[in-house]
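Fold and contact review
If you want the building blocks of each chain, they are given just below.
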Amino acid sequence: MKFSEVVDAYEKIEATTKRLEMTELLVGLLRRTPREDLEKVVYLTQGRIHPDYEGIELGLAEKMVMRVLTHATGLDDARIGRLWKEKGDLGLVAQEAIAARRQRPLESTPLTTAKVYEHLDAIARESGEGSQERKIRLLSDLLGSATPREAKYVVRMVVGQMRLGVADMTIVDALAATFATKADRPRVERAYNVSSDLGEVARVLASKGVDGLKDIHLKLFRPIRAMLAERLETLEEIFERMGKAALEYKYDGLRVQAHVSPKRIELFSRHLENITGQFPEIVDGLRSAIKDRAAIVEGEAVPVDPNTGEFLPFQEVSRRRGRKTEVERMSKEFPVTLFAFDCLLRSEEDLTARPYTERRKALEGVVHASDEIRPSTVRVTDDVKQAEAFFDEALQAGCEGLMAKALDSTYDAGGRGYQWIKFKKEYSAALSDTIDLVVIGAFAGRGKRAGTYGALLMAAYDDVADVFRTTCKLGTGFDDETLYALPDRFKGERRDRRPARVDSKLEPDVWFEPKTVLEVRGAEITVSPIHTCAWGVLRPGAGLAIRFPRFTGRWRDDKGPEDATTAKELVEMYGRQLKQTKKEPASSR
Ligand code: ATP
């Protein structure tokens, strides 16, 4: 098929914002597409050349594309640069530059969709020495025979910004309407959710019809779209819907789908990108935890502070995008644990249609707990009191709340429903300001921190009772020099037992007289049953804790311990921040 026919449809699709109209235009395009081009057209429409999980990306640098444009059109750099400033869309720059080009091709055969696709594929696959030059040559070749309108889409593809605005589910609609009936749409969607590959769904539909979709199964090394959760505000409502349910800790990290065979391990993100290279420690952990069989397990990867054993902010993981050596370093400094919560495939068997209880049993049989991977903590109950206590435990462990799962629920790939319900802590608020806390104790360091302190125990001042009450363990934000100087620095403040004006449930390795004040930045304030600050003020049986505290580097020598942030101030900050958080709900990742 001529590429110009695809471009005709794309221009119309781009011009509409109505989903129905978009679907109709797509149906028209799919109907006109010969079978051998169908898969290619579907991927191009998604702005890709392969399904996401294969990790074959185009995304050429804008600078490089501009160089090709100068070369292919004979226009000078300054003119291309001006166009870029004016339009802000390299596709439009290409369209105009090609229209104004100096050197017209002697004879040009019209571009076919197959040629465009194959060239783009070749560009994406080029790597290693001299690959830049080869990419440039391939793109120049394509642009050399492109019309201005075609050039627009070719360039948008190579920079990874198609701007068609077609959602995957619109393509699902269009495929169902083209090759089946409206009533078959759920089957088409299911095939997509299981395979994550719209090209394959299109190919099967075109060659075998809708019945052929039953042969699309869960397969190792091809990620399945994630099952998602609804949200309810109270535990009572959850039990009303589910009856007896499995409550799991809801870990705050990065969702990981691990595909494991004795010879190969691949990890995929919630968005189905291949993230194997980012988590060498999970790969190692899986290799020894799941030895002899194939499996697909899903879990949440959470960075853990090796010194305090506490969970670290998820951001510590999201930075793992650098070079291999950098990733290796991060994996040692902030190693993650994968808390596995589902098992979707065991040996050759697809478990997605099995009830939760069976999948959980399979998970526990497959995963042998280690530092790197362990099954999520779970409790089956229908008792609200027990659930509340479990929720407190989850918070204390550094989790966000609970995930309730219906005992008989199947794994509904790509679906969001009340089979899984998230119950997040209502008791936390973002913390935008720094606070000043008093050092009242320290925990001995391990590993790299042996010989110094792993974390300091920090307290806020209760100015009513004239007592220092704990609010967090502080282990991050210290440079090496400061860290190793800590024992010396606190020598004079060491005490053998808890000083009189200190209120703490935690027992540090050494106590300090409350004296030194440090400036701390925390991510949020949350209730906690282990810290004594503002005990019982917000919830019975719980105090206030600072989550993810980090030393700013500022020693508040200008402040005495009684000048530190007070418990009352923290309660007020909590109230203020909570109001704001409610106004602007946290954006989803
Ligand atoms: P969503 O994933 O529902 O679109 P979101 O990205 O904002 O929303 P959350 O609202 O925090 O995420 O909740 C869902 C996520 O919680 C899951 O996608 C998963 O990554 C994570 N999670 C943590 N613990 C569990 C668990 N035990 N079972 C299932 N998911 C869990």
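Above: the structure in question.
All of the points below concern the structure found in this document. Worth saying up front: this structure is predicted, and the values here are computed from it rather than measured. (Residues numbered from 1 in each chain as written. Predicted model: local features only at pLDDT ≥ 70, side-chain atom pairs only at ≥ 80, totals over all residues. Heavy atoms only, no water.)

**Considerations on the overall build of the chain**
Tallying secondary structure elements over the chain gives 20 helices and 22 strands in all. Seen along its three principal axes, the alpha-carbon backbone of the chain occupies a region of about 90 × 60 × 45 Å. Residues counted as buried form 54% of the 589 residues belonging to the chain. Restricting to contacts in the chain with at least 6 residues of sequence separation, those with at least 24 account for 72%. Just so you have it, the chain exposes about 27,200 Å², and 47% of that area is on carbon and sulfur atoms. A gap of 2 Å separates the mean positions of the 95 positive and 95 negative side-chain charges of the chain. (Helix = DSSP H or I, 4+ residues; strand = E, 2+ residues; numbered from the N terminus. Buried < 20%, exposed > 50% of the residue type's maximum accessible area, 1.4 Å probe, protein only. Contact = heavy atoms within 4.5 Å. Areas by Shrake-Rupley, 256 points an atom, 1.4 Å probe, with all protein chains shown as cover. Lys, Arg positive; Asp, Glu negative; His and termini not counted. Charge placed at Lys NZ, Arg CZ, Asp CG, Glu CD.)

**Let's talk about the sheet that holds strand β11 (residues 416–424)**
The sheet built from five strands is open, its strands ordered β1-β11-β10-β2-β9 with mixed pairing. Among the strands making up the open sheet, the edge pair consists of β1 (228–231) and β9 (378–381). Strand after strand, the sheet turns through a mean of 35° between neighbouring axes, direction not considered. Along the sheet face, helix α17 (residues 356–366) touches β2 (245–250), β9 and β10 (401–406) and points at about 50° away from the line of β2. (Pairing = 2+ DSSP bridges. Axes fitted to C-alpha atoms, helices over the stretch in contact; angles between N-to-C directions.)

**Observations regarding the site of the ligand**
Around the ligand, the surrounding shell holds 18 residues, and the nearest of these are Lys 250, Arg 270, Glu 300, Lys 405 and Lys 422. Within the contact set of the ligand, a nitrogen atom lies 3.1 Å away from a backbone nitrogen or oxygen of Tyr 251. Note that an oxygen atom of the ligand is positioned 3.2 Å from one of the side-chain N or O atoms of Lys 424. Protein coverage of the free-state accessible area of the ligand, which is 600 Å², stands at 92%. If you tally residues by element for the shell around the ligand, the top one is β11, at four residues. Classifying every residue of the shell around the ligand by side-chain character gives six nonpolar, one polar and eleven charged. (Near = heavy atom within 4 Å. Polar contact = N/O pair within 3.5 Å; in protein donor to acceptor, adjacent residues only side chain to side chain. Nonpolar A, V, L, I, M, F, W, Y, C, P; charged D, E, K, R; others polar.)

**A look at the packing of helix α3 (residues 35–45) against helix α12 (residues 198–208)**
Running from N to C, α3 and α12 cross one another at 155°; their axes reach a closest spacing of 8 Å. Considered as vectors, α3 and α12 are oriented roughly antiparallel to each other. Crossing of α3 against α12: the hand is right-handed. Residues Arg 35, Leu 38, Glu 39, Val 42 and Tyr 43 of α3 form the contact with α12, whose participating residues are Leu 198, Gly 199, Glu 200, Ala 202, Arg 203, Ala 206 and Ser 207. (Parallel < 35°, antiparallel > 145°, perpendicular 65-115°, else oblique. Left-handed = near helix turned anticlockwise from the far one by under 90°.)

**As for the side chain of Ser 196**
For Ser 196, the location among the structural elements is in the loop between α11 (185–195) and α12. Look at Ser 196 and you get buried, because its relative accessible area is 7%. Dropping the residues within four chain positions of it, Ser 196 is found in contact with Pro 51, Tyr 53, Ala 191, Pro 223, Ile 224, Arg 225 and Leu 272.

**Observations regarding the side chain of Ser 331**
Looking at the element boundaries, Ser 331 is found in helix α16 (residues 324–333). The class of Ser 331 is buried, set by a relative accessible area of 11%. A distance of 2.8 Å separates a polar atom in the side chain of Ser 331 from the backbone oxygen of Glu 328. Not counting the four nearest positions on each side in its chain, Ser 331 is found in contact with Pro 280, Glu 281 and Arg 320.

**Remarks on the packing of α11 against α12**
Between α11 and α12, the least distance of the axes is 9 Å, while the angle of their chain directions is 135°. Classed by the angle they form, the pair α11 and α12 counts as oblique. Regarding α11 and α12, the two cross each other, and that crossing is right-handed. Side by side, α11 and α12 meet where Val 188, Ala 191, Tyr 192 and Ser 195 of the first sit next to Leu 198, Val 201 and Leu 205 of the second. The residue makeup of the contact of α11 with α12, split by class, is six nonpolar, one polar and no charged.

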